[in-house]
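Given next are the chains, with one letter for each unit.
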Amino acid sequence: MNFEHTEDRRMLGDMLRRFVSEQYDFATRDAIATSDTGFRRDMWQRFAELGAVGALFAEADGGLGGAGFDIGVVFEALGRGLVVEPFLDTLVVGSAIAAVGTDAQRARLAALIDGSTVAALAHAEPDTGYVLSEVGTRAERDGEGWVLDGEKAVVALGDQADLLLVSARVRGARDEAHGIALFLVPADAPGVARRGYPLIDGGRAAEVTLTQVRVPAEAALGTPDQGHDVLERAVGRGILALCAEAVGAMDCARDATLEYLQTRKQFGQVIGRFQALQHRMADLLIEIEQARSAVINAAAALDHPDRAVRERALSAAKVTIGRVGTRVAEESIQLHGGIGMTWELPLAHYAKRLVMINHQFGDEDHHLRRYIALGRALPAEAAA
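Throughout, residues of each chain are indexed from 1 in the direction in which the sequence is written. In view of the model being predicted, local features appear only for residues whose pLDDT reaches at least 70, and side-chain atom pairs are presented and counted only at 80 or more, with totals across whole chains, interfaces and linings using the full set of residues. Side-chain measures were taken over the full set of non-hydrogen atoms in the model, leaving aside hydrogen atoms and water.

A. Spotlight on the UniProt feature "domain: Acyl-CoA oxidase/dehydrogenase middle" (unreviewed entry) in the chain. UniProt positions are given in the numbering used here, feature names are shortened, and annotations may be inferred rather than shown by experiment. As annotated by UniProt and renumbered to match this structure, "domain: Acyl-CoA oxidase/dehydrogenase middle" (unreviewed entry) occupies residues 120-197. Strands here mean DSSP runs of E at least two residues long; helices mean DSSP runs of H or I at least four residues long; both are numbered from the N terminus. Across residues 120-197, helical content stands at 0% and strand content at 51%; the span's end C-alpha atoms are separated by 15 Å.

Laid out in structure tokens, this is it:
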């Protein structure tokens with residue numbers, strides 16, 4: 001199988017890496033990530049003008065690509081710069097709209113792609129886990145419209161977003177896949193309260209409370225029985241994006257560690273000559289390549305018609321990224337010694353981001369259980 005990217009994807013990746021390297025250096029990123037807004041709208045607009053956002057969506061939806069490898073190329077470049085602009089939630093929300101949105105709803109995609117609208121996924125709740133079907137927020141009929149009540153937790157840039165994609169239950173038990181609906185809710189709608197706070201790995205999130213939030217019928221995205229499936233497909237694209245971002249961050253952590261081993265001297269020679277450290281670094285390089293292979297496999301399976309095959313490849317990648325990302329973070333810091341923990345060293349921030357990626361959209365343990373469960377749904381020859 002040929003794993004070489006097309007010329008267009010290589011050009012996109014090269015352009016984004018240059019832009020991140022020249023315009024999004026560590027000092028710039030640190031100032032943005034620790035700001036009161038958690039991102040910069042003018043920087044977000046610049047990324048959009050480069051086509052980085054459009055590459056996440058198909059041409060039929062107003063984008064420039066939309067395939068798994070397009071997502072991988074973009075997010076790997078973003079991972080190298082620890083970019084905090086809202087690429088991930090734009091991808092997830094936009095993918096849900098593109099999948100089942102009406103013509104009027106799909107018209108919102110243009111505003112997402114050009115960077116003029118910031119969207120956020122409001123799905124996780126304070127007392128739920130990683131399972132997508134765990135939704136406690138309720139949606140009740142109100143004439144032709146709906147009334148939403150509930151709480152959403154850790155909504156990325158939730159205090160800065162213009163549009164929220166809210167999951168809510170219209171019927172069924174709290175953990176049932178059926179009966180979940182998705183709604184496009186203006187972030188400033190009456191009854192929406194947002195409490196923002198900084199995240200440990202940069203950027204911001206918010207706790208969102210919905211109290212008797214009234215939305216019209218056209219705010220519903222698809223039908224209630226579609227909500228879970230649409231969310232699963234959209235979040236699947238987000239999982240691939242996170243895994244690709246992690247590979248980019250791992251590459252930077254690797255390069256920084258190699259440079260340190262080749263310059264730091266002890267006992268009259270650079271420490272990179274010590275065989276014990278060489279072995280540890282060699283093991284780390286092998287692990288990173290295994291993670292890269294898992295991401296390639298997930299990208300290739302992203303549009304597979306069989307749900308079990310598709311989701312299993314995504315969970316396999318997330319398990320691998322969780323395990324390898326944590327190891328890369330720990331080993332890189334240890335090989336740097338005490339300096340690896342300092343705030344001024346970019347490596348410490350790459351390590352934090354790698355650890356936090358493991359917990360977004362399901363951690364290593366969650367996806368290992370999911371991978372096993374999905375394997376039982378496959379015929380023996382497909383699983384092999």
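B. Geometry of the environment of Val166. Here Val166 is to be found in strand β4 (residues 163-169). Residues Val166 and His123, spaced 43 residues apart in sequence, show a C-alpha to C-alpha distance of 6.0 Å.

C. Quick peek at the packing of aromatic side chains. Two aromatic rings from Phe, Tyr or Trp, using only the six-membered ring of Trp, form a pair when their centres are within 6.5 Å; if the ring planes differ by under 30 degrees the pair is stacked, by over 60 it is edge-to-face, and anything between is tilted. Summed over the entire model, instances satisfying the criterion amount to six aromatic pairs. Taking the centre distance of 5.1 Å and the plane angle of 70° together, the rings of Phe19 and Phe47 count as edge-to-face. One end of the pair, Phe19, is in helix α1 (residues 7-23); the other, Phe47, is in helix α3 (residues 41-50), with 28 residues separating them in the sequence. Accessibility expressed as a relative area gives 11% for Phe19, which makes it buried. For every residue, the accessible area (1.4 Å probe, protein chains only) is compared with the maximum for its type, and the residue is labelled buried under 20%, exposed over 50%, or partly exposed between those bounds. Residue Phe47 is classed as buried on the basis of its relative accessible area, which comes to 0%. Ring geometry for Phe75 and Phe87: centres 6.2 Å apart, planes at 80°, overall edge-to-face. With Phe75 in helix α4 (residues 68-81) and Phe87 in helix α5 (residues 87-100), this residue pair connects regions lying 12 residues apart in the sequence.

D. Expanded view of the packing of helix α10 (residues 307-336) against helix α11 (residues 346-357). What counts as an axis is a line fitted to C-alpha atoms, over the stretch in contact for a helix, and the angles between N-to-C directions run from 0 to 180 degrees. Packing of α10 against α11 brings their axes to within 8 Å, and their N-to-C directions diverge by 155°. On the basis of the axis angle, α10 is roughly antiparallel to α11. The two elements α10 and α11 meet at a crossing, and its hand is left-handed. Judged by residue contacts, Lys318, Ile321, Gly325, Val328, Ala329, Ser332, Ile333 and His336 of α10 engage Leu347, Ala351, Leu354, Val355 and Ile357 from α11. For the contact of α10 with α11, the residue count by class is nine nonpolar, three polar and one charged. Angular relationships are summarised with four words: roughly parallel below 35 degrees, roughly antiparallel beyond 145, roughly perpendicular across 65 to 115, and oblique for the angles in between. Handedness of each helix crossing follows the sense of rotation of the near helix against the far helix: counterclockwise by less than a right angle gives left-handed, clockwise gives right-handed. A contact between two residues is defined here by any heavy atoms of the two lying within 4.5 Å. Ten residues, namely Ala, Val, Leu, Ile, Met, Phe, Trp, Tyr, Cys and Pro, are considered nonpolar, four, namely Asp, Glu, Lys and Arg, are considered charged, and the remaining ones, Gly among them, are considered polar.

E. Main features of the pattern of salt bridges. We define a salt bridge as a side-chain nitrogen of Lys or Arg found within 4 Å of a carboxyl oxygen belonging to Asp or Glu. Inspection of every chain in the model, using the stated rule, returns 27 salt bridges. Of the charged contacts, one joins Asp14 and Arg17 as a salt bridge, the two residues approaching to 2.4 Å between their closest N and O atoms. Pair noted here: Asp14 and Arg17 are both in helix α1, with a separation of three residues, about one helical turn. Linked through salt bridges whose partners overlap, the residues forming this network are Glu76, Arg80, Asp251, Arg254, Asp255, Glu289 and Arg292.

F. Fine view of unusual backbone geometry. One non-glycine residue, Leu157, adopts positive backbone phi at about 50°. Even without glycine at this site, Gln212 takes up a positive phi of about 50°. For Gln212, the location among the structural elements is in strand β7 (residues 204-215).

G. Quick peek at the pairing of strand β6 (residues 192-198). Two strands qualify as a pair provided DSSP detects at least 2 bridges between them. Two elements, β6 and β7, share seven bridges in a ladder whose sense is antiparallel. Each residue of the ladder has a partner; that of Tyr197, found in β7, is Ala205. Counted along the chain from β6 to the antiparallel partner β7, the turn is five residues long, and its residue Gly202 has a positive phi close to 100°.

H. How the structure looks around the packing of α4 against helix α8 (residues 227-263). Interhelical geometry of α4 versus α8 gives an angle of 40° and a closest axis separation of 7 Å. When the axes of α4 and α8 are compared, the pair comes out oblique. As α4 runs across α8, the sense of the crossing is right-handed. Judged by residue contacts, Gly68, Ile71, Gly72, Phe75, Glu76, Gly79 and Arg80 of α4 engage Arg237, Leu240, Ala241, Ala244, Glu245, Val247, Gly248, Ala249, Asp251, Cys252 and Asp255 from α8.

I. View of α10. Under the 1.5 Å per step criterion, the end-to-end length of α10 is 43 Å for 30 residues, consistent within 8% with the ideal 44 Å. Most of α10 is tucked away, with 22 of its 30 residues classed as buried. Positive backbone phi, at 75°, marks Gly337, one or two positions downstream of α10. To estimate the expected span of a helix, count its residues, drop one, and scale the result by 1.5 Å.

J. Representation of α1. Along its 17 residues, α1 runs 24 Å from first to last C-alpha, staying within 8% of the 24 Å computed at 1.5 Å per residue. If you check which residues of α1 are buried, you get Arg9, Leu12, Gly13, Leu16, Phe19 and Val20. In a view along the axis of α1, the buried residues occupy a sector of 130°, so they form one face of it. Along α1, the residues that are exposed and aim more than 90 degrees away from the buried face are Glu7, Ser21 and Glu22. To obtain the arc, one takes the directions from the helix axis to the C-beta atoms.

K. Local environment of the environment of Ala96. Secondary-structure assignment places Ala96 in helix α5. Counting along the chain gives 137 residues from Ala96 to Arg233, while the straight-line C-alpha distance between them is 7.8 Å. Every residue in contact with Ala96, bar those within four places of it in the chain, is listed here: Gly101, Leu165, Leu221, Val230 and Ala234.

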